[in-house]
Amino acid sequence: MSEREQAVVSNVSTGLFIGGKWRESASGARFDVEDPATEKTLTSVADATPDDGDAALAAAVGAQASWAATPPRTRGEILRGAYETIMARIDDLALLMTLEMGKSLQESRAEITYAADFFRWFAEEAVRISGRYSTSPAGGSRVLTMQQPVGPCLFITPWNFPMAMGTRKIGPAVAAGCTMVVKPAAETPLSMLALASILAEAGLPDGVLNVVPTTSARGVSEPLIRDPRLRKLSFTGSTQVGRMLIEQSAEQVLRTSMELGGNAPFLVFEDADLDAAVDGAVLAKMRNVGEACTAANRFHVHESIADDFTERLAARLSRLRVGRGTEEGVDVGPLINAQQRETVESLVSDAVERGGHVATGGSRTGDSGYFFEPTVLGNVPRDARILTEEVFGPVAPIATFGSDDDALVQANNTEYGLVSYVYTRDLQRALRVCEGLETGMVGLNAGIVSNVAAPFGGVKASGIGREGGFEGIEEFLETKYVSVALP
Ligand code: NAD
């Protein structure tokens, strides 16, 4: 590590953050955080036990009433202050994120800007929480509704966007007047710990936010999910884990928001602007090294233009520079760990064994670090696993379709329903296809959908609820109705 890298890492408080204090775990245990580009240890972090989880929930419960009673403007100003600090420190935060997660510095900066923007957006939403008052249809009574914070929350976040997946929950929860316990992914706890310090500096009262990194995710989270003091679980991660958490939540009928896996189809129709489609494909596929729930997972291209599209996309991806994310000019960093690289490798070999051809890339690369070449696979047959499983890597499998109906059937032929991408210049076709797609979001001639002002979320096995937009804060509010007699 360079001196600057060392300084950025050692600046992070690596304890548990509970009730406004940094402390070691009850067991004294710590776990290592690794740089996926070098396979070397960056630092160690306190490893929370179930007792620590309980203490964190107790702190959140203790702070709930006074936080809910804090004026919305004050809550919003704390978020706004944290937004300013994040943006002022973006260089250090980006380096920290690249070190623990791998993506290029440019991508880390983009994530941090997006992450901070949730604080700015929800700072503005905090003061717009309202209810309604109306006369009942028959007269004689009034309908009064009020919106109140749901109460103490548990947030479980993934490693692929270590800060944005946190702020997308913390921002609206703080704005709504909820307190919270956050369990970040063990691969990338440092960005969340740095964020906790920033929120404390911005004036967030003790106990409103508590952070408990741990290597025993289930051991710490399950007792909290079954604890009646907890009122809400918001999870971002795989569908497999999401299903288990929903089951655990059933016991106390806990409110849940679930942002789960995706298998995004990227449809290119014969009338599409092919240059724009290739630009969009590079964005939708390569953002975050392909490790995004919104990543274009499979490309369905009209048979008349598939060869042309494959050639152009392969030319673009072959020019990307793979390397350590901290290095100048690097476009594509390593995958998060050895297991993820093996998954990507096995999906590629399965597609090739079934008749797909490698138009570019196809192999791991580098002496150390979990690097995989940007890859384009042409003529991928419909039974290839890569068309149905989440790739989470820099691989673009291309299959073909013959008609609009065929495209829609293939696009919807999955348990997932997070996002889809559509490239066409025909307005009627665009609207018909958007209506027919079974996903919560559609990128129409756009390779990226993430936007703080928009409701992000999926249907089917991709999740429940929305994050961001006007809808984002509703996930943290309960509606109470008061029937007022007024003869
Ligand atoms: P993961 O489900 O393995 O882990 C996510 C989080 O859950 C981590 O904090 C992990 O420690 C925790 N966890 C794992 N097992 C648990 C258990 N038994 N009990 C409680 N917590 C547990 O997912 P991942 O590999 O970290 O992230 C990748 C997945 O996340 C992909 O499927 C991706 O599509 C999804 N994702 C979805 C969105 C979205 O908004 N829909 C965004 C980012 C990532």
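Residues numbered from 1 in each chain as written. Predicted model: local features only at pLDDT ≥ 70, side-chain atom pairs only at ≥ 80, totals over all residues.

1. As for the overall build of the chain
Then step 1. Within the chain, the regular secondary structure consists of 15 helices and 22 strands.
Then step 2. Against the globule reference of 23 Å for 487 residues, the chain gives a C-alpha radius of gyration of 23 Å, in line with a compact fold.
Then step 3. The principal-axis extents of the C-alpha atoms in the chain amount to approximately 70 × 65 × 40 Å.
Then step 4. Looking at the chain residue by residue over its 487 residues, the buried ones come to 53%.
Then step 5. Restricting the contact set of the chain to residue pairs at least 6 apart, pairs at least 24 apart contribute 72%. (Helix = DSSP H or I, 4+ residues; strand = E, 2+ residues; numbered from the N terminus. Rg over C-alpha atoms; globule rule 2.2 N^0.38 Å. Buried ≥ 20, exposed ≤ 12 C-beta atoms within 10 Å, placed from the backbone. Contact = placed C-beta atoms within 7 Å.)

2. Considering the UniProt feature "active site" (unreviewed entry) in the chain
Then step 1. Look at the UniProt record and you will see "active site" (unreviewed entry) annotated at Glu 259.
Then step 2. Position of Glu 259 among the secondary structure elements: in strand E11 (residues 255–259).
Then step 3. Leaving out residues up to four positions away in the same chain, Glu 259 has contacts with Thr 236, Gly 457, Gly 463 and Glu 467. (UniProt positions renumbered as here; feature names shortened; annotations may be inferred.)

3. Thoughts on the domain arrangement of the chain
Then step 1. One can read the domain layout of the chain as domain 1 (3–261 + 462–482) and domain 2 (264–415 + 419–451).
Then step 2. One C-alpha centre belongs to domain 1, the other to domain 2; they are set 31 Å apart.
Then step 3. Listed as interface residues are 19 residues of domain 1 and, on the opposing side, 21 residues of domain 2.
Then step 4. Elements with a contribution of two residues or more to the side of domain 1 that touches domain 2: helix H4 (90–101) and helix H5 (105–125).
Then step 5. Looking at which element gives the most residues to the side of domain 1 that touches domain 2, the answer is H4, with 4 residues. (Domains from an automatic or database assignment.)

4. As for helix H10 (residues 274–286)
Then step 1. Taking 1.5 Å per residue, 13 residues should reach 18 Å; H10 reaches 18 Å between its end C-alpha atoms and fits that length.
Then step 2. Buried residues of H10: Ala 277, Val 278, Gly 280, Ala 281, Val 282, Ala 284, Lys 285 and Met 286, and no others.
Then step 3. Just beyond H10, the residue with positive phi is Asn 288, at close to 60°. (Expected span 1.5 Å × (residues − 1).)

5. Focus: the site of the ligand
Then step 1. Surrounding the ligand, one finds 27 residues, the nearest of these being Pro 158, Gly 237, Ser 238, Glu 259 and Cys 293.
Then step 2. Looking at the shell around the ligand, the elements that each hand over two or more residues are helix H8 (217–225) and helix H9 (239–250).
Then step 3. Looking at the shell around the ligand, the element that brings in the most residues is H8, giving 3 residues.
Then step 4. Tallied by class, residues from the shell around the ligand come to 13 nonpolar, 10 polar and 4 charged. (Near = placed C-beta within 6 Å. Nonpolar A, V, L, I, M, F, W, Y, C, P; charged D, E, K, R; others polar.)

6. Brief notes about the sheet that holds strand E6 (residues 141–149)
Then step 1. Taken together, 3 strands build an open sheet; the order of strands is E5-E6-E22 and the sheet is antiparallel. In this open sheet, the two strands that pair with only one neighbour each are strand E5 (132–135) and strand E22 (477–485). Sheet twist, expressed as the mean angle between neighbouring strand axes with direction ignored, is 20°.
Then step 2. In the sheet, E6 pairs with E22 via 9 bridges, with the strands oriented antiparallel. The residue of E22 that forms the bridge with Met 146 is Lys 480. (Pairing = 2+ DSSP bridges. Axes fitted to C-alpha atoms, helices over the stretch in contact; angles between N-to-C directions.)

7. Some details on the environment of Phe 235
Then step 1. Looking at the element boundaries, Phe 235 is found in strand E10 (residues 232–236).
Then step 2. We classify Phe 235 as buried; it has 29 C-beta atoms within 10 Å.
Then step 3. Residues Phe 235 and Gly 463, spaced 228 residues apart in sequence, show a C-alpha to C-alpha distance of 9.4 Å.
Then step 4. Not counting the four nearest positions on each side in its chain, Phe 235 is found in contact with Ile 156, Gly 242, Leu 245 and Met 258.

8. Digging into the sheet that holds strand E18 (residues 395–401)
Think of a sheet as strands paired side by side through backbone hydrogen bonds, with each pair either parallel or antiparallel.
Then step 1. Overall, mixed pairing links the 7 strands, which are arranged E14-E17-E18-E13-E12-E19-E20 in an open sheet. The sheet is open, and its two edges are formed by strand E14 (357–360) and strand E20 (441–444), each paired on a single side. Taking each pair of neighbouring strands and ignoring which way they run, the sheet shows an average axis angle of 25°.
Then step 2. Pairing geometry for strand E19 (residues 419–423) and E20, over 4 bridges, is parallel. In the strand pairing of E20, Ser 420 is matched with Val 442.

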